[in-house]
Amino acid sequence: MAGDWADYLPPKQRKLREQRRFQRRIIDKLLKRKMLISYLIVLYVCLCFCLLIAKMVFAFTLSILPLFFVPPIVYLAWWLVWKEFNE
């Protein structure tokens with residue numbers, strides 16, 4: 001990093017600063033909106049499979065259906081709105 005004031009720090013402090021930067025970058029990546037949405041989806045799927053493990057097959061089936069039906073319905077709504085305003 002040319003021109004970074006951290007280049008002039010003693011080696012021990014420079015290493016500590018680089019570690020803090022690395023940790024901050026990882027935390028920032030993990031807290032982005034799409035990552036949080038991914039975490040929620042994974043949590044939801046885990047809960048659904050807990051129902052399956054508990055031998056509640058009907059509840060599992062009902063709980064997993066939104067994962068399959070919501071994305072196509074959202075895409076259809078987006079396409080219809082786009083078509084309405086662009087044609």
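Our focus in this paragraph is the overall build of the protein chain. Secondary structure summary: the protein chain contains three helices and zero strands in total. Reading the protein chain from its N terminus to its C terminus gives the helix and strand order α-α-α. Projected onto its principal axes, the C-alpha coordinates of the protein chain cover approximately 60 × 50 × 10 Å. By residue count, 8% of the 87 residues in the protein chain fall in the buried class. Between the mean site of the 14 positive side-chain charges and the mean site of the 6 negative ones, the protein chain shows a separation of 11 Å.

Across all of its chains, the model carries two aromatic pairs by this definition. On the basis of an interplanar angle of 45° and a centroid distance of 5.3 Å, the ring pair of F49 and F60 is categorised as tilted. Taken together, the residues F49 in helix α2 (residues 33-53) and F60 in helix α3 (residues 57-86) connect sequence positions eleven residues apart. Overall, F60 belongs to the buried group, its relative accessible area being 14%.

Tracing the backbone through its elements, the reader meets S63 in helix α3. By relative accessible area, which is 13% here, S63 ends up buried. Filtering out sequence-adjacent residues up to four positions away, S63 remains in contact with Y44, C48 and L51.

A few words on the pattern of salt bridges. The final tally for this structure, using the stated rule, is one salt bridge. Here R24 makes a salt bridge to D28, at a shortest N to O gap of 2.8 Å. Placement of the pair is R24 and D28 together in helix α1 (residues 11-30), with a separation of four residues, close to one helical turn. We classify D28 as partly exposed; its relative accessible area is 38%.

About the thresholds
Residues numbered from 1 in each chain as written. Predicted model: local features only at pLDDT ≥ 70, side-chain atom pairs only at ≥ 80, totals over all residues. Heavy atoms only, no water. Helix = DSSP H or I, 4+ residues; strand = E, 2+ residues; numbered from the N terminus. Buried < 20%, exposed > 50% of the residue type's maximum accessible area, 1.4 Å probe, protein only. Lys, Arg positive; Asp, Glu negative; His and termini not counted. Charge placed at Lys NZ, Arg CZ, Asp CG, Glu CD. Phe/Tyr/Trp six-rings, centres within 6.5 Å; stacked < 30°, edge-to-face > 60°. Contact = heavy atoms within 4.5 Å. Salt bridge = Lys/Arg side-chain N within 4 Å of Asp/Glu carboxyl O.

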